[in-house]
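Residue strings, one per chain:
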Amino acid sequence: MRDSVGAVFDEWSALLRVAGGRSVLPDRGDVGPLTARYAPFLRPMDRPVVLAHLAQSLDGRIALPCGQSQWISGQEDLVHTHRLRALADAVVVGAHTVERDDPQLTTRLVTGPNPLRVVLDPRRRLRPDHQVFDTAAAPTLLVGAVEAPAPDGVETLLLPATDGVLDPASIVAALGARGVRRILVEGGGITVSRFLAAGCVDRLHLVVAPVLMGHGRPALDVPLASALADCPRPPTRVEALGEDWLFDCELR
Ligand SMILES: NC(=O)c1ccc[n+]([C@@H]2O[C@H](COP(=O)([O-])OP(=O)(O)OC[C@H]3O[C@@H](n4cnc5c(N)ncnc54)[C@H](OP(=O)(O)O)[C@@H]3O)[C@@H](O)[C@H]2O)c1
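In this report, we go over the structure that sits alongside the text. Just so we're clear, the structure is a prediction, and the values are computed from it rather than from any experiment. (Residues numbered from 1 in each chain as written. Predicted model: local features only at pLDDT ≥ 70, side-chain atom pairs only at ≥ 80, totals over all residues. Heavy atoms only, no water.)

### Comments concerning helix 3 (residues 75-87)
Phase 1: For helix 3, spanning 13 residues, the distance from its first C-alpha to its last is 18 Å, which sits close to the expected 18 Å at 1.5 Å a residue.
Phase 2: For helix 3, the tally of buried residues reaches 10 of 13 residues, placing the bulk of the element in the interior.
Phase 3: Residues of helix 3 that are buried include every one of Asp77, Val79, His80, Thr81, His82, Arg83, Leu84, Arg85, Ala86 and Leu87, and no others. (Helix = DSSP H or I, 4+ residues; strand = E, 2+ residues; numbered from the N terminus. Expected span 1.5 Å × (residues − 1). Buried < 20%, exposed > 50% of the residue type's maximum accessible area, 1.4 Å probe, protein only.)

### Focus on the site of the ligand
Phase 1: Gly67, Thr97, Asp101, Arg125 and Thr191 are the nearest of the 28 residues found near the ligand.
Phase 2: In this structure, an oxygen atom belonging to the ligand sits 2.9 Å away from a main-chain N or O atom of Ala95.
Phase 3: Note that an oxygen atom of the ligand is positioned 3.3 Å from one of the side-chain N or O atoms of Arg217.
Phase 4: Broken down by secondary-structure element, the contributors of at least two residues to the shell around the ligand are strand 2 (49-56), strand 3 (61-63), helix 4 (95-101), strand 10 (165-166), strand 11 (182-187) and helix 6 (189-197).
Phase 5: Split into classes, the residues belonging to the shell around the ligand amount to 11 nonpolar, 10 polar and seven charged. (Near = heavy atom within 4 Å. Polar contact = N/O pair within 3.5 Å; in protein donor to acceptor, adjacent residues only side chain to side chain. Nonpolar A, V, L, I, M, F, W, Y, C, P; charged D, E, K, R; others polar.)

### Topic: the pairing of strand 7 (residues 140-144)
Phase 1: Burial analysis of strand 7 places five of its five residues in the buried class, the great majority of the element.
Phase 2: Burial along strand 7 is two-sided: Thr140, Leu142 and Gly144 and Leu141 and Val143, pointing in opposite directions, are all buried.
Phase 3: Two elements, strand 6 (residues 116-120) and strand 7, share four bridges in a ladder whose sense is parallel. Each bridged residue has a counterpart across the sheet, and for Leu120 the counterpart in strand 7 is Val143.
Phase 4: In this structure, strand 7 lies alongside strand 8 (residues 155-158), joined through four bridges in parallel fashion. Note on strand 8: the bridge partner recorded for Gly144 is Leu158. (Pairing = 2+ DSSP bridges.)

### So, a nonpolar patch on the surface
Phase 1: A cluster of nonpolar residues, Val238, Trp245 and Phe247, forms a patch on the protein surface that exposes about 280 Å² of accessible area.
Phase 2: As for its placement among the helices and strands, Phe247 is situated in strand 15 (residues 244-250). (Patch = residues over 30% accessible without salt bridge, like charges linked within 9 Å, V, L, I, M, F, W, Y side chains within 5 Å. Areas by Shrake-Rupley, 256 points an atom, 1.4 Å probe, with all protein chains shown as cover. Salt bridge = Lys/Arg side-chain N within 4 Å of Asp/Glu carboxyl O.)

And the structure:
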């Protein structure tokens, strides 16, 4: 199935006309469903906008204990993910996802450009033969905390780490300094949780599939509050995505 990302841009242009060219959004009810879903990611800001996406089971798992996660959600969410990649300037993933899934992180299901692929590998332990390091289709930036030779054609970025953890705000700032305006954090759970804990996520797209997985890797595992009353309840838009449900949470 192919899908034109141009339709999203058409809707966005219409939205800007409605908004008189100002960076304000009309009520969501006034615009089409694609615009409601994607406009927050496309809004012009004086800093990069970060959208995190995860597909989880009813019981909050993004992979089985063995790491298998393909596929928890259905085709509509797969297309949605590729569309987000096409709208993003950069897509960020953690080392476990590259190790387990060997993703390409390109936009094969939609028409639209491939983003810069950003791999967080603080210890630089990933083998060079993963598909994401084949830069024929798209550029790749390897972010580490130690120096090590990079696969051919792959750019590296050295950032300080505390107890092995890179500061997500520094990653966003470094990408912003390269002209990246829209960042998609595509997983896995550890990576999204760290961006969330650092207050670096503007929009969270949690896609819930009607499947129970029992044990497995958690979607989010992050200390947000110690009392239920203090737990964030972000404004959330819910829409059906095929058999699944998209929870579109506005975090900042
Ligand atoms: N359902 C979904 O939407 C979805 C999406 C993507 C992946 N997955 C699945 O999820 C599993 C992988 O997820 P995961 O949560 O285990 O791991 P992950 O987020 O893919 O990778 C975590 C690792 O990435 C590095 N990393 C990430 N953020 C970092 C930071 N701020 N600072 C330093 N290092 C950072 C660390 O590498 P080190 O360990 O070297 O320190 C960390 O342990 C796989 O099974 C994959 O199939 C599911």
